[in-house]
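Single-letter residue listing:
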Amino acid sequence: MTRFDEKFVHLCIGGDKKAQKQLFERVYPPMFRICMRYVSQHADAEDCLMLGFMKVFQNISKFNYTGDHSLFIWIRKIVVNESLMLIRQKQNLMFVVDDQSMDVPMQAEIINAIEAEELNYHIMKLPTGYRTVFNLNVIEGYDHKEIASLLNISEVTSRTQLAKAKSKLRVMISQTTKSYGEPGE
Amino acid sequence: MENLENKLIADKINSLDTLPDGYVPNLEAKWALLQSKEKNEKISFLWGRKTWMKIAACLLILLLSGIVWISKTSQPKSEIANSTSPSKPSLPKVEKVVNSSEKFATMTSENKSIDKSKNKSRSTIVTNEVPVKEVLHTDKEEIVLNPPTIDTIITLQEVNLASVENSKLKKARYTQLDFEDAILQPATKTTFAQSFQFRLGLKSSNYGEQNSNENSVLKLKRNF
């Protein structure tokens, strides 16, 4: 998580263009990654990011500094909201009901063994509904009540979607580890 | 267990703070685009605000001009109404005057006998006088400016009944008895007493003229 000291944050709040440009350049790559996890396309992610940064620089005077991570977390929230708005606009939020999903336990060893890029790749391969709930719950740290209000769904739907997303991810990861572990491949 | 699993996944994903492979965006161009969009938004916001202010100002001007126009158009009507009302023919008033004069004529004919008896004690009636100025006597008909009261009728009857000779005699007699007239009779020449009165402010400068123009019969009576 990117850190910003108080002096730099106050420069940005005061409207210093150099500081704001530096902030934009430092924050752009991780924010692009976040957008990509939600919308899974470069063009959409860029649109989300530009809209998010516009909101950031319009409202940066209202931001209150509470710690080195506070600015990054604030920008992240804005970008996530913009991504969710784009998903709603494009009506991509489809909650797939898959009865064949199995509750396969995922061990910590398997997660540690897999690369971050590979894990990210598998998450992006999930259906939009699963992926959105998974991202919001596991990575952003929202609970099911918050997710339900954000996506305008019931808490039960959010829970089932998360369970199914996890089981599918386990299957996908287990398949890759199997393929890695199998001799001769 | 589940929390540990979530934490491990989140840490792994959050560690990705670089751009994906094969994607190299032009950050300078994106920053310039962002700045231009911000400016455009500011301009559009200001333009919108200015236009609304202009529209409000135009509406205010229209409203004020309308009020001024209405007030200007309504003024002449009232003026005309005011000017026309006094110039209306005063026929009813004339009629009233005629009626009153008729009444006066009837009253005079009825009271002739009474007046003859009262002729001797005229001086007592004259004390209840009304200014004679209000009544104008002509040869043919009497024009009464104000409707006469009973007192005025009595005084007028007295004036009519008195003969010219008697009036001359009386006038001569009263003038002899009037002290003020004796002082003011020579209007052109000012005596020492008259000038002293002017200085004290007891007499007005045109007193002599007024006194000379008036029909001073009753005045003299009062003084007497």
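### Here's the deal with the overall build of chain B
- Helix and strand counts for chain B stand at 10 helices and two strands.
- Going from N to C terminus, chain B has its helices and strands arranged as α-α-α-α-β-β-α-α-α-α-α-α.
- Scored against the burial criterion, the 224 residues of chain B give a buried share of 5%.
- Contacts spanning at least 24 positions in sequence make up 68% of the contacts within chain B whose residues lie at least 6 apart.

### Concerning the overall build of chain A
- Each helix and strand in chain A was counted, giving nine helices and zero strands.
- The order of α-helices and β-strands along chain A, N terminus first, is α-α-α-α-α-α-α-α-α.
- Residues counted as buried form 30% of the 185 residues belonging to chain A.
- Considering only contacts within chain A whose residues lie at least 6 apart along the sequence, 74% involve residues at least 24 apart.

### Here we look at the environment of B:D17
- Mapped onto the elements, B:D17 comes out in the loop between α1 (2-14) and α2 (27-84).
- Judged by local crowding, B:D17 falls into the partly exposed class, with 14 C-beta atoms found within 10 Å.
- With sequence-adjacent residues up to four places away left out, B:D17 is seen in contact with A:T2, A:P29 and A:P30.

### With respect to the interface of chain A and chain B
- Counting residues at the interface gives 25 residues for chain A, matched by 20 residues for chain B.
- Where the side of chain A that touches chain B is concerned, the elements lending two or more residues are α2 (17-39), α3 (42-59), α5 (108-113), α6 (116-125) and α7 (128-139) of chain A.
- Along the lines of polarity and charge, the residues of the side of chain A that touches chain B split into 17 nonpolar, four polar and four charged.

### As for the nonpolar core
All names here are of chain A.
- With 23 residues, the main nonpolar core has M31, C35, V39, A45, L49 and V79 as its most contacted residues.
- The dominant element in this core, judged by the number of residues it contributes, is α2, at 10 residues.
- In contact with C35, not counting residues within four places along its chain, are A45, C48, L49, V79 and S83.
- Among the nonpolar cores identified, the runner-up in size contains 15 residues, and L126, V133, I147 and L151 belong to it.

### A short note on unusual backbone geometry
All names here are of chain A.
- Its identity is not glycine, yet S40 carries a phi of approximately 60°, on the positive side.
- Position of S40 among the secondary structure elements: in the loop between α2 and α3.
- In this structure S40 comes out as partly exposed when scored by C-beta crowding, with 17 C-beta atoms within 10 Å.
- Positive phi values are uncommon outside glycine, yet N152 reaches one of about 60°.

### Some remarks on the packing of α2(A) against α3(A)
All names here are of chain A.
- Running from N to C, α2 and α3 cross one another at 135°; their axes reach a closest spacing of 9 Å. By the angle class used here, α2 and α3 are oblique. Of the two possible hands of crossing, α2 and α3 adopt the one that is right-handed. Judged by residue contacts, Q20, F24, M31, F32, C35, M36 and V39 of α2 engage D44, A45, C48, L49, G52, F53 and F57 from α3.
- Looking at side-chain class alone, the contact of α2 with α3 contains 11 nonpolar, two polar and one charged residues.

### Structural notes on the confidence of the model for chain B
Residue and element names in this part refer to chain B.
- Overall, the prediction assigns chain B a mean pLDDT of 66, with 33% of residues at 70 or greater.
- Averaged pLDDT values for the elements of chain B fall to 48 in helix α4 (residues 122-126) and rise to 83 in α1.
- Taken as a whole, residues 123-127 scores under 50 in pLDDT and shows six contacts with residues more than four places along the chain or in a different chain.
- This model gives residues 207-212 a pLDDT under 50, and the stretch forms seven contacts once residues within four places in sequence are excluded.
- We note a pTM of 0.53 for the whole complex and an ipTM of 0.80 for its interfaces.

### Observations regarding α7(A)
Residue and element names in this part refer to chain A.
- Taking 1.5 Å of rise per residue, the 12 residues of α7 would be expected to cover 16 Å, and the 15 Å separating its terminal C-alpha atoms lies within 8% of that figure.
- Burial of α7 is extensive: 10 of the 12 residues sit out of reach of the surface.
- Along α7, the residues that are buried comprise G129, Y130, R131, T132, V133, F134, N135, L136, N137 and V138.
- At the C-terminal side of α7, G141 shows a positive phi close to 90°.

### Quick look at the environment of A:I114
Residue and element names in this part refer to chain A.
- Along the chain, the position of I114 falls in the loop between α5 and α6.
- Between the alpha carbons of I114 and I173 there is a distance of 8.0 Å; along the sequence they are 59 residues apart.
- Setting aside its immediate chain neighbours within four residues, I114 contacts L119 and I173.

About the cut-offs
- Residues numbered from 1 in each chain as written.
- Chains lettered and ligands numbered in written order.
- Predicted model: local features only at pLDDT ≥ 70, side-chain atom pairs only at ≥ 80, totals over all residues.
- Helix = DSSP H or I, 4+ residues; strand = E, 2+ residues; numbered from the N terminus.
- Buried ≥ 20, exposed ≤ 12 C-beta atoms within 10 Å, placed from the backbone.
- Contact = placed C-beta atoms within 7 Å.
- Nonpolar A, V, L, I, M, F, W, Y, C, P; charged D, E, K, R; others polar.
- Core = buried A, V, L, I, M, F, W, Y, C linked by C-beta atoms within 7 Å.
- Axes fitted to C-alpha atoms, helices over the stretch in contact; angles between N-to-C directions.
- Parallel < 35°, antiparallel > 145°, perpendicular 65-115°, else oblique.
- Left-handed = near helix turned anticlockwise from the far one by under 90°.
- pLDDT = per-residue confidence, 0-100.
- Expected span 1.5 Å × (residues − 1).

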